[in-house]
Amino acid sequence: DVAPMDERFEDSFGIGAAVEPFQLEGESAEVLKYHYNSIVAENAMKPLYIAPEEGEYFWEDADQIVNFAKENDMYLRYHTLVWHSQIADWFFLDEEGNPMVEEEDPEKREENKQLLLDRMRDYIKTVVLRYKDDVDAWDVVNEVVDDGGGLRESAWYQITGTDYIKVAFETAREYAGEDAMLYINDYNNEVDSVKRDDFYNLVKELLEDGVPIDGVGLQSHIQLNWPSIEETREAIQMYSDLGLDVQITELDVSIYGWPPSGEYKTEDEIPDSILEEQANRYRDLFSLYEEMDDAISNVTFWGIADNHTWLDDRAKEYSGDGRGKDAPFAFDTQYNVKPAYFAIMGLKDPR
Ligand code: G3I
């Protein structure tokens, strides 16, 4: 009998969660409907799943998510049309089946580039035409800037330079229409760093070039003390000053630093003091988001509750013993509210 999280922010921004199709029934679905008014696919709409083989499309999982959003009147984010990860190899093979990145002949390189751009156009057109009436926000490109700044040396970049970014947005605009909201999404693009500067300059140049970008996605995979609220505020302001909408697209607050120690093996081992620290962190974040709610249209968590988070894989990977539990959200593994929930709601934890 706690208050719905999304209602608290009704006048400010949408509250979303990333989902897998299996979470669309049972208790996870109830929590989703009660506390959130927006969803995004954690994996099901990525190129690898939608286009596993050339000329073959797999819609089942994506359709389930789209239908759930429709049935429950939820805002729908599409993640993601173009990404270097989770994409099948066939995109980057030439007609003879050779990797395009290895081609040295300049003439053949140009041919390959056009072939890849054609495939991308085709792919974007097919997806966008299927879902354009259902999707409210599109992640058109994801993670195109490298951690150390500069453009990510992905196959996309090696074969087409920056053309793929431009063509991706233009194609999305062409088929999704003038009213569609098109985003460039990345991680650590709020952190005061070379990456942020380069990300900002790239977006600015693309806009000056007439590329149809409507917004910036801040993934926000963050930690208890990093990045600072100040640099986050500064980043939101910078992007907003470019005339762009800002969305928080993949929010989670890990209980670990980097790399994650994974020292807590189960939820029960996590000290209350850490959950309190996390609550304070969420209080500060949501105060900032509310303060800047004219700039921000949506805040999406990268999961519903602590029973399903990609951060568990990270904790296991780095812990040294293959075990480790993270707990990044407002709800615990049983969907009970955590201190973070009350902090987000601006309430005192009554317990
Ligand atoms: O589907 C296969 C399954 O058939 C196989 O048995 C199983 C064995 O490991 O793997 C399954 O694939 C996994 C997939 O998630 C679906 O569950 C992959 O191994 C796993 O690597 C993949 O992880 C996803 C990750 O993106 C891939 O980079 C995470 O769930 C997803 O949360 C994460 O999301 C990304 C965003 O898209 C972009 N921003 C960062 C964010 C976190 O990494």
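No experiment lies behind these values; they were computed from the predicted model shown.

Q: Hey, could you run me through the overall build of the protein in this one?
A: In terms of regular secondary structure, the protein is built from 12 helices and 9 strands. Expected size for 351 residues packed as a compact globule is a radius of gyration near 20 Å; at 20 Å, the protein falls within 12% of this value. Dimensions along the principal axes, computed over C-alpha positions, put the protein at roughly 70 × 45 × 40 Å. Relative to its 351 residues, the protein shows a buried fraction of 44%. Taking as baseline every contact in the protein between residues at least 6 positions apart, the subset at least 24 positions apart corresponds to 76%.

Q: Can you help me understand the site of the ligand in this one?
A: Around the ligand, the surrounding shell consists of Glu42, Asn43, Ser85, Gln86, Asn142, Tyr187, Gln219, Glu250 and Trp310. Grouping the constituent residues of the shell around the ligand by class yields 2 nonpolar, 5 polar and 2 charged.

Q: What is the right way to read the UniProt feature "active site" (unreviewed entry) in the protein from this model?
A: Here, the residues flagged by UniProt with the feature "active site" (unreviewed entry) are Glu250. With respect to the element layout, Glu250 can be found in strand 8 (residues 245-254). Look at Glu250 and you get buried, because 26 C-beta atoms sit within 10 Å.

Q: For this particular structure, what's the right way to read the pairing of strand 4 (residues 137-142)?
A: It is a general feature of regular strands that their side chains alternate between the two faces of the sheet. Of all 6 residues in strand 4, 6 are buried; the element is thus mostly enclosed. Strand direction decides the pairing type here: strand 3 (residues 75-78) and strand 4, joined by 2 bridges, are parallel. Looking at strand 4, one finds that Arg77 is bridged to Ala137. In the sheet, strand 4 pairs with strand 5 (residues 182-186) via 4 bridges, with the strands oriented parallel. Bridge pairing in strand 5 links Asp139 to Tyr183.

Q: Just checking my understanding: could you explain the packing of helix 5 (residues 106-131) against helix 7 (residues 163-176) for this structure?
A: Two numbers describe a pair of packed helices, the interaxial angle and the distance between the axes. With their axes 9 Å apart at the nearest point, helix 5 and helix 7 run at an angle of 30° to one another. Considered as vectors, helix 5 and helix 7 are oriented roughly parallel to each other. Considering the relative orientation of helix 5 and helix 7, their crossing is right-handed. In this structure, helix 5 contributes Leu117, Met120, Arg121, Ile124, Lys125, Val128 and Leu129 to the contact, and helix 7 contributes Asp163, Tyr164, Val167, Ala168, Thr171, Ala172, Tyr175 and Ala176. Across the contact of helix 5 with helix 7, the residue classes break down as 11 nonpolar, 1 polar and 3 charged.

Q: Can you walk me through the pairing of strand 1 (residues 14-19) in this structure?
A: Counted residue by residue, strand 1 has 6 buried out of 6 residues, so it is predominantly covered. Where burial is concerned, the two faces of strand 1 agree: the one with Gly14, Gly16 and Ala18 and the one with Ile15, Ala17 and Val19 are both buried. Examined bridge by bridge, strand 1 and strand 9 (residues 296-301) share 4 bridges and lie parallel to one another. Within strand 9, the position partnered with Gly16 by the bridge is Thr300. Bridge analysis of strand 1 against strand 2 (residues 38-41) gives 4 bridges, and the strand direction is parallel. Residue pairing across strands places Ala18 opposite Val40, the latter belonging to strand 2. After leaving strand 1, the chain enters helix 2 (residues 27-35) and then returns to the sheet as strand 2, a path that is right-handed.

Q: Got a minute to help me understand helix 7 in this structure?
A: Since the α-helix packs 3.6 residues into each turn, any two residues three or four apart lie on the same face. Compared with the 20 Å implied by 1.5 Å per residue over 14 residues, the 20 Å span of helix 7 between its first and last C-alpha is a close match. Turning to helix 7, its buried residues are Tyr164, Ile165, Ala168, Phe169, Thr171, Ala172 and Ala176. Take helix 7 and look down its axis: the buried residues cluster within an arc of 165°, on one side only. Those residues of helix 7 that are buried are in contact with helix 5, strand 4, helix 6 (155-160), strand 5 and helix 8 (194-208). Positive phi appears at Gly177, one or two residues downstream of helix 7, with a value of about 100°.

So, how was this worked out
- Residues numbered from 1 in each chain as written.
- Predicted model: local features only at pLDDT ≥ 70, side-chain atom pairs only at ≥ 80, totals over all residues.
- Helix = DSSP H or I, 4+ residues; strand = E, 2+ residues; numbered from the N terminus.
- Rg over C-alpha atoms; globule rule 2.2 N^0.38 Å.
- Buried ≥ 20, exposed ≤ 12 C-beta atoms within 10 Å, placed from the backbone.
- Contact = placed C-beta atoms within 7 Å.
- Near = placed C-beta within 6 Å.
- Nonpolar A, V, L, I, M, F, W, Y, C, P; charged D, E, K, R; others polar.
- UniProt positions renumbered as here; feature names shortened; annotations may be inferred.
- Pairing = 2+ DSSP bridges.
- Axes fitted to C-alpha atoms, helices over the stretch in contact; angles between N-to-C directions.
- Parallel < 35°, antiparallel > 145°, perpendicular 65-115°, else oblique.
- Left-handed = near helix turned anticlockwise from the far one by under 90°.
- Right-handed = clockwise from strand over helix to strand, strands pointing away.
- Expected span 1.5 Å × (residues − 1).
- Arc of directions from axis to C-beta.

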